[in-house]
Amino acid sequence: MTHLDRRLARQLGLAMLVKLALLAVLWWAFVRPVHIDVSAQGLSARIGATPLQQGETR
Amino acid sequence: MSESLVDLSRLQFAVTAMYHFLFVPLTLGMTWLLVVMESVYVMTNKVIYKDMTRFWGKLFGINFALGVTTGITLEFQFGTNWAYYSHYVGDIFGTPLALEGLMAFFLESTFIGLFFFAWNRLSKTQHLLVTLLMALGTNLSALWILIANGWMQSPVGAQFNPLTMRMELTDFWEVLFNPTAQAKFVHTVSAGYVTGSVFVLAISAWYLLKGRDVEFAKRSFRIAAAFGLASALSVIVLGDESGYTVGEAQQTKMAALEAMWKPEAAPAGLKILASINEAQSKNDWEIEIPWVLGLIGTRSVNKEIPSISQIKQHNRARIVSGIEAVKALQALRADPLDAAAKAAFEQHKVDLGFGLLLRRFVERVEEATSAQIEQAVDASFPRVTPMFWAFRIMVGFAFALLALFALAFWSTLKVRSEARPWLLKWALWMLPVPWITCEVGWFVSEYGRQPWTIYGVLPTSLSVSTLSTTSVVGSLVGFVGFYTLLLVIELYLMIKFARLGPGTLGTGRYANEPTAMAAASHA
């Protein structure tokens, strides 16, 4: 292994660490806080498949 | 659902997928080139081929290290931006994604580790086996992803359950052997092989132009030219097969990318150029090659390819039938035992997705007016102009690459490749072309599926999560920054090591040896 290879291994290792850290930050900032209700009832309402309830008008 | 939220979510997925796909094709192509180089080493025992495997393997390693996990942001988005999509089809879509992670990714990663660190611990044949398994793992990853993607283009082996409100898997093997997925897989991996070949060819051409490491570069050039020629031929032939499959499963895409507004007598001609007038649904002028499209799309001389007007007419009927499906679904949601509703749903369920296209234009699908149905019919098609030109850019570049490889291969047989500097310069300038072609190819495939996430099943506008646009803009900026940083590092390291060349191996056989450089820097 040449000194260039050792330096490359260090640089790639550092890049991987930075990448994982950035992914964790992105997940923490934009993914973790999001909670979407995806129940059958919710989807039914979304696609307009929920029947009208008594008293509701079209 | 806000149109801007749908567009932003689509933009975010498109940008991240396209950034991710800058890394993937090179990985796919380089693994097999390494197998070829190492096989020649094992067969001939010539150390130069081992050096080639190690040097090009180093560039492959840089690409892999920076590209790995870049697909994770796409998985993030399935849960956040596309939660309804994930609920609706997760039962089917999740299976190949999980198999990719469990089967292919671990296989690939394990053998990539062995490839780099086991040169002195394994016999030549054992190491070649490792390289082969690394290539298989990489390609298996692509297979599972493209099975998932192929299902989005042509959903088979699944049916909708009105009780759970989701698509459920009925036949795994049908999903696995979906002809659309198989055609996409072979076409995509072949495009990756072309990318790897151009990468090796272009850098080798640069060494030859500089007159350095000539024997190393000549052999690399020859292998890249031969492998690239076979790959470019296969990408074109398999693209033709893909076109045939598109003709079967997604006639909409075929009609859009050919700007075929009105029915044409069989066999239809292939348009080379056209002035597209979307407002009047016609081409102001066009230049075409007779018969070719008909042969590609139908494999016959007397079968017609459906035109945009015919498909829209067909879609209109399906939207009307889809309204009945939505009504029956409403009744089933109110009373799952309602026999009449069940019978009506069975009759119209294949058109449920088309009924849902109306949700963009009316709150209650069953109250849609004729005008709203017409709006949905028009929206059931992707825009023709971007499809038409993107397809021609992709095909034009594919043939340019075929010509390059054919000439490069011929030159390695007939004359010394370094004796043709114009060819070497051409090879060097073609370096970015396979990436552009791959990205444009993805655009044709994914934009051409619009307005669906799952063709004929789930419209894109209903797949998007109800997020704030601020949140989507924020994550879009974050993802773009993340990928741009990785790309800059990749380019820096690739250019640095490509410039240094095989001398970085420290064997004492090449220019720019580290010891010589170090001595020079101390002097």
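Because the structure is predicted, anything quoted here is derived from the model rather than measured. (Residues numbered from 1 in each chain as written. Chains lettered and ligands numbered in written order. Predicted model: local features only at pLDDT ≥ 70, side-chain atom pairs only at ≥ 80, totals over all residues.)

**A word on the overall build of chain A**
Point 1. Looking only at helices and strands, chain A has 2 helices and 0 strands in total.
Point 2. When burial is assessed residue by residue, chain A has 19% of its 58 residues classed as buried. (Helix = DSSP H or I, 4+ residues; strand = E, 2+ residues; numbered from the N terminus. Buried ≥ 20, exposed ≤ 12 C-beta atoms within 10 Å, placed from the backbone.)

**Let's talk about the domain arrangement of chain B**
Residues and elements named next belong to chain B.
Point 1. When the domains of chain B are assigned, the result is domain 1 (3–250 + 386–518) and domain 2 (308–379).
Point 2. Once you take the C-alpha centre of each, domain 1 and domain 2 turn out to be 39 Å apart.
Point 3. Opposite the 10 residues of domain 1 that make contact, domain 2 presents 13 residues. (Domains from an automatic or database assignment. Contact = placed C-beta atoms within 7 Å.)

**A word on the confidence of the model for chain B**
Point 1. For chain B, per-residue confidence averages 91 on the pLDDT scale, and 96% of positions sit at 70 or higher.
Point 2. As scored by the predictor, the complex reaches a pTM of 0.92 and an ipTM of 0.85. (pLDDT = per-residue confidence, 0-100.)

**Remarks on the nonpolar core**
Point 1. Counting residues in hydrophobic clusters, the biggest one holds 153 residues, and the most contacted among them are Leu33(B), Trp56(B), Tyr84(B), Leu201(B), Ala408(B) and Ala427(B).
Point 2. A per-element tally of this core places helix α7 (residues 179–210) of chain B first, with 16 residues.
Point 3. Looking at this core, you find at least three residues from each of domain 1 (3–250 + 386–518) and domain 2 (308–379) of chain B.
Point 4. The residues touching Tyr84(B), leaving out its near neighbours within four places in the chain, are Val38(A), Leu43(A), Arg46(A), Leu462(B), Ser463(B), Val464(B) and Ser465(B). (Core = buried A, V, L, I, M, F, W, Y, C linked by C-beta atoms within 7 Å.)

**Concerning helix α16 (residues 421–429) of chain B**
Residue and element names in this part refer to chain B.
Point 1. Every buried residue of α16 is listed here: Leu423, Leu424 and Ala427. Buried residues of α16 fall within an arc of 100 degrees about the axis and therefore sit on the same side. Turned more than 90 degrees away from the buried face of α16 sit Pro421, Trp422 and Trp429, all of them exposed.
Point 2. In this structure, the buried side of α16 is in contact with α7 and α15 (384–414). (Arc of directions from axis to C-beta.)

**What about the pairing of strand β2 (residues 166–169) of chain B?**
Residue and element names in this part refer to chain B.
Point 1. With 4 bridges joining them, strand β1 (residues 158–161) and β2 adopt antiparallel strand pairing. Each residue of the ladder has a partner; that of Asn161, found in β2, is Arg166.
Point 2. Connecting β1 to the antiparallel partner β2 that follows it, the hairpin turn spans 4 residues, and Met165 within it adopts a positive phi of roughly 60 degrees. (Pairing = 2+ DSSP bridges.)

**Focus on the interface of chain B and chain A**
Point 1. Taken together, the contact pairs 41 residues of chain B with 28 residues of chain A.
Point 2. Taken together, the elements giving at least two residues each to the side of chain B that touches chain A come down to α2 (47–67), α3 (72–80), α4 (83–117), α11 (308–334) and α19 (469–500) of chain B.
Point 3. In terms of residues, the side of chain B that touches chain A owes the most to one element, α19(B), which gives 9 residues.
Point 4. Residues that form the side of chain B that touches chain A fall into these classes: 23 nonpolar, 13 polar and 5 charged. (Nonpolar A, V, L, I, M, F, W, Y, C, P; charged D, E, K, R; others polar.)

**With respect to unusual backbone geometry**
Residue and element names in this part refer to chain B.
Point 1. Of note, the bond from Ala266 into Pro267 is cis; its omega dihedral lies within 30 degrees of zero at -10 degrees.
Point 2. Topologically, Pro267 is positioned in the loop between α9 (251–257) and β3 (270–277).
Point 3. A cis amide bond links Gln450 with the next residue in sequence, Pro451, at an omega value of 15 degrees.
Point 4. Along the chain, Pro451 turns up in the loop between α17 (433–447) and β5 (452–454).
Point 5. Despite not being glycine, Asp213 shows a phi value in the positive range, around 45 degrees.
Point 6. By secondary structure assignment, the location of Asp213 is in the loop between α7 and α8 (214–249).
Point 7. A tally of 21 C-beta atoms within 10 Å means that Asp213 is categorised as buried.
Point 8. A positive phi is found at Trp291, a non-glycine position, where the angle reads about 75 degrees.
Point 9. Mapped onto the fold, Trp291 is located in the loop between β4 (282–289) and α10 (292–298).

**Here we look at the environment of Phe21(B)**
All names here are of chain B.
Point 1. Relative to the helices and strands, Phe21 is located in helix α1 (residues 3–44).
Point 2. Overall, the presence of 19 C-beta atoms within 10 Å leaves Phe21 in the partly exposed class.
Point 3. Between the C-alpha atoms of Phe21 and Thr70, which are 49 residues apart in sequence, the distance is 9.1 Å.
Point 4. If we skip the residues at most four places from it in the chain, Phe21 touches Cys438, Glu439 and Trp442.

**Concerning the environment of Leu428(B)**
Residue and element names in this part refer to chain B.
Point 1. Topologically, Leu428 is positioned in helix α16.
Point 2. When the C-alpha atoms of Leu428 and Leu209 are compared, they prove to be 9.6 Å apart, with 219 residues separating the residues in sequence.
Point 3. Once residues lying within four places of it in the same chain are set aside, the contact partners of Leu428 are Ala202, Ala205 and Trp206.

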